[in-house]
Amino acid sequence: QVQLVESGGGLVQAGGSLRLSCAASGDTICISTMGWYRQAPGKERELLAAITSGGSTYYADYVKGRFTISRDNAKNTVYLQMNSLKPEDTAVYYCNADCLSYLSPPTKYWGQGTQVTVSS
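Being a predicted model, the structure only gives us computed values, none of them experimental. Positions within a chain are numbered from 1, following the residues in the order the chain's sequence is written. Only residues with pLDDT of at least 70 get local features here, since the model is predicted, and only at 80 or more are side-chain atom pairs given and counted; chain-wide, interface and lining totals rely on the full set of residues. To obtain the side-chain values, all non-hydrogen atoms of the structure were used and water was disregarded.

Take the side chain of R66 next. Labels follow the DSSP assignment, with helices taken as runs of H or I lasting at least four residues and strands as runs of E lasting at least two, numbered in each case from the N terminus. Relative to the helices and strands, R66 is located in the loop between β6 (57-59) and β7 (67-72). We call two N or O atoms a polar contact when they sit within 3.5 Å, provided that within protein one can donate a hydrogen and the other can accept it, with sequence-adjacent residues counted only if both atoms are side-chain atoms. A distance of 3.1 Å separates a polar side-chain atom of R66 from the backbone oxygen of S84. A contact between two residues is defined here by any heavy atoms of the two lying within 4.5 Å. Contact partners of R66, with chain neighbours within four places excluded, come to Q81, M82, N83, S84, L85, K86 and D89.

As C-alpha coordinates, this is what we get:
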(Lines give C-alpha, C1' and ligand atoms only; values in the text may rest on other atoms or scores of the structure.)
Protein backbone atom coordinates (compact mmCIF):
# COMPACT_ATOMS: atom_id res chain seq x y z
CA GLN A 1 0.00 0.00 0.00
CA VAL A 2 1.05 3.55 -0.74
CA GLN A 3 -0.12 6.66 1.05
CA LEU A 4 0.14 10.12 -0.50
CA VAL A 5 -0.08 13.37 1.43
CA GLU A 6 -0.33 16.69 -0.39
CA SER A 7 0.52 20.11 0.95
CA GLY A 8 0.92 23.64 -0.34
CA GLY A 9 -2.56 24.47 -1.55
CA GLY A 10 -4.32 27.65 -0.59
CA LEU A 11 -5.63 30.99 -1.76
CA VAL A 12 -3.64 33.14 -4.17
CA GLN A 13 -4.37 36.13 -6.36
CA ALA A 14 -4.27 35.91 -10.14
CA GLY A 15 -0.71 36.08 -11.38
CA GLY A 16 0.68 34.58 -8.21
CA SER A 17 2.49 31.31 -7.58
CA LEU A 18 2.11 28.21 -5.45
CA ARG A 19 4.20 25.10 -4.98
CA LEU A 20 2.45 21.84 -4.19
CA SER A 21 4.25 18.95 -2.54
CA CYS A 22 3.26 15.30 -2.32
CA ALA A 23 5.08 12.85 -0.06
CA ALA A 24 4.66 9.12 -0.60
CA SER A 25 4.99 6.55 2.16
CA GLY A 26 4.41 2.84 2.58
CA ASP A 27 5.45 0.43 -0.17
CA THR A 28 7.14 3.15 -2.19
CA ILE A 29 9.47 0.81 -4.09
CA CYS A 30 6.58 -0.08 -6.39
CA ILE A 31 6.15 3.50 -7.63
CA SER A 32 7.01 4.20 -11.25
CA THR A 33 5.28 7.39 -12.46
CA MET A 34 3.94 10.18 -10.27
CA GLY A 35 1.68 12.97 -11.41
CA TRP A 36 -0.71 15.78 -10.65
CA TYR A 37 -4.39 16.02 -11.57
CA ARG A 38 -7.05 18.60 -10.86
CA GLN A 39 -10.82 18.59 -10.75
CA ALA A 40 -13.25 21.48 -10.57
CA PRO A 41 -16.82 20.93 -9.32
CA GLY A 42 -18.91 19.23 -11.99
CA LYS A 43 -15.89 18.79 -14.25
CA GLU A 44 -13.83 15.80 -15.29
CA ARG A 45 -10.58 15.13 -13.48
CA GLU A 46 -7.74 16.13 -15.79
CA LEU A 47 -4.09 15.19 -15.92
CA LEU A 48 -1.81 18.20 -15.57
CA ALA A 49 1.67 16.75 -15.42
CA ALA A 50 3.50 13.49 -14.86
CA ILE A 51 7.07 12.44 -14.22
CA THR A 52 8.77 9.06 -14.36
CA SER A 53 11.36 7.75 -11.93
CA GLY A 54 13.94 8.54 -14.61
CA GLY A 55 12.87 12.17 -14.86
CA SER A 56 10.90 12.18 -18.12
CA THR A 57 8.01 14.64 -17.95
CA TYR A 58 4.62 15.21 -19.55
CA TYR A 59 2.52 18.37 -19.44
CA ALA A 60 -0.99 19.16 -20.56
CA ASP A 61 -0.90 21.84 -23.24
CA TYR A 62 -2.88 24.33 -21.17
CA VAL A 63 -0.33 24.37 -18.33
CA LYS A 64 2.85 24.04 -20.37
CA GLY A 65 5.16 26.96 -19.67
CA ARG A 66 3.42 27.86 -16.40
CA PHE A 67 3.65 24.65 -14.35
CA THR A 68 6.75 22.60 -13.63
CA ILE A 69 6.79 19.10 -12.16
CA SER A 70 9.83 17.76 -10.35
CA ARG A 71 10.66 14.76 -8.22
CA ASP A 72 13.03 13.78 -5.45
CA ASN A 73 13.26 9.99 -5.60
CA ALA A 74 15.31 9.76 -2.40
CA LYS A 75 12.55 11.58 -0.49
CA ASN A 76 9.68 9.92 -2.40
CA THR A 77 8.29 13.37 -3.04
CA VAL A 78 6.88 15.04 -6.14
CA TYR A 79 6.38 18.79 -6.56
CA LEU A 80 4.30 21.02 -8.77
CA GLN A 81 5.47 24.60 -9.17
CA MET A 82 2.58 26.73 -10.46
CA ASN A 83 3.29 30.21 -11.78
CA SER A 84 1.12 32.86 -13.43
CA LEU A 85 -1.98 31.37 -11.86
CA LYS A 86 -5.37 32.20 -13.35
CA PRO A 87 -8.88 32.03 -11.85
CA GLU A 88 -9.62 29.08 -14.13
CA ASP A 89 -6.89 27.15 -12.31
CA THR A 90 -9.16 27.00 -9.26
CA ALA A 91 -9.77 23.33 -8.45
CA VAL A 92 -8.93 20.50 -6.11
CA TYR A 93 -5.47 19.24 -6.97
CA TYR A 94 -4.65 15.55 -6.54
CA CYS A 95 -1.34 13.76 -6.36
CA ASN A 96 -1.10 10.36 -8.04
CA ALA A 97 1.38 7.49 -7.94
CA ASP A 98 1.35 4.51 -10.28
CA CYS A 99 2.59 1.24 -8.79
CA LEU A 100 3.75 -1.80 -10.73
CA SER A 101 2.75 -5.35 -9.86
CA TYR A 102 3.83 -8.71 -11.21
CA LEU A 103 0.50 -10.33 -10.33
CA SER A 104 -2.05 -7.60 -11.05
CA PRO A 105 -2.54 -4.63 -13.36
CA PRO A 106 -0.80 -1.43 -12.26
CA THR A 107 -2.48 0.32 -9.35
CA LYS A 108 -3.17 4.04 -9.11
CA TYR A 109 -2.93 5.64 -5.69
CA TRP A 110 -4.36 9.06 -4.89
CA GLY A 111 -3.80 11.74 -2.34
CA GLN A 112 -6.69 13.31 -0.47
CA GLY A 113 -6.63 16.44 -2.61
CA THR A 114 -5.71 19.99 -1.78
CA GLN A 115 -7.78 23.05 -2.66
CA VAL A 116 -6.23 25.73 -4.84
CA THR A 117 -8.25 28.92 -5.19
CA VAL A 118 -7.14 31.74 -7.48
CA SER A 119 -8.95 35.03 -6.99
CA SER A 120 -9.51 37.49 -9.81
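Resuming the write-up.
Here the phi dihedral of N76 falls at roughly 55°; this positive angle occurs in a residue that is not glycine. Along the chain, the position of N76 falls in the loop between β7 and β8 (77-82). The backbone of S84 sits at a positive phi, close to 50°, despite the residue not being glycine. Secondary-structure assignment places S84 in the loop between β8 and β9 (91-99). For every residue, the accessible area obtained with a 1.4 Å probe (protein chains only) is divided by the maximum for its type, and the residue is called buried under 20%, exposed over 50%, and partly exposed between those limits. Taking relative accessible area as the criterion, S84 reaches 42% and is therefore assigned partly exposed.

For the rest of this paragraph, the subject is the nonpolar core. As a rule of thumb, nonpolar side chains are buried together in soluble globular proteins. Only buried Ala, Val, Leu, Ile, Met, Phe, Trp, Tyr and Cys residues count toward a nonpolar core, and they belong to the same one when joined by side-chain atoms within 4.5 Å. Grouped together as the largest cluster of nonpolar side chains are 31 residues, with contacts concentrated most on L4, L80, M82 and Y93. Elements with a minimum of two residues in this core: β1 (2-7), β3 (18-26), β4 (31-39), β5 (46-51), β7, β8, β9 and β11 (114-119). In terms of residues, this core owes the most to one element, β9, which gives five residues. Once residues lying within four places of it in the same chain are set aside, the contact partners of L80 are L18, R19, L20, W36, L48, A49, F67, T68, I69 and Y93.

This next bit is on the pattern of salt bridges. Salt-bridge detection follows one rule: a side-chain nitrogen of Lys or Arg within 4 Å of a carboxyl oxygen of Asp or Glu. This structure, assessed with the given rule, holds five salt bridges. Residues D89 and R66 are paired through a salt bridge, measuring 2.8 Å at the closest nitrogen-oxygen approach. Placement of D89 in the loop between β8 and β9 and of R66 in the loop between β6 and β7 is noted, with a sequence separation of 23 residues between them. You can call R66 buried: its relative accessible area is 12%. The structure contains a network of salt bridges with shared partners spanning R38, E46, R66 and D89.

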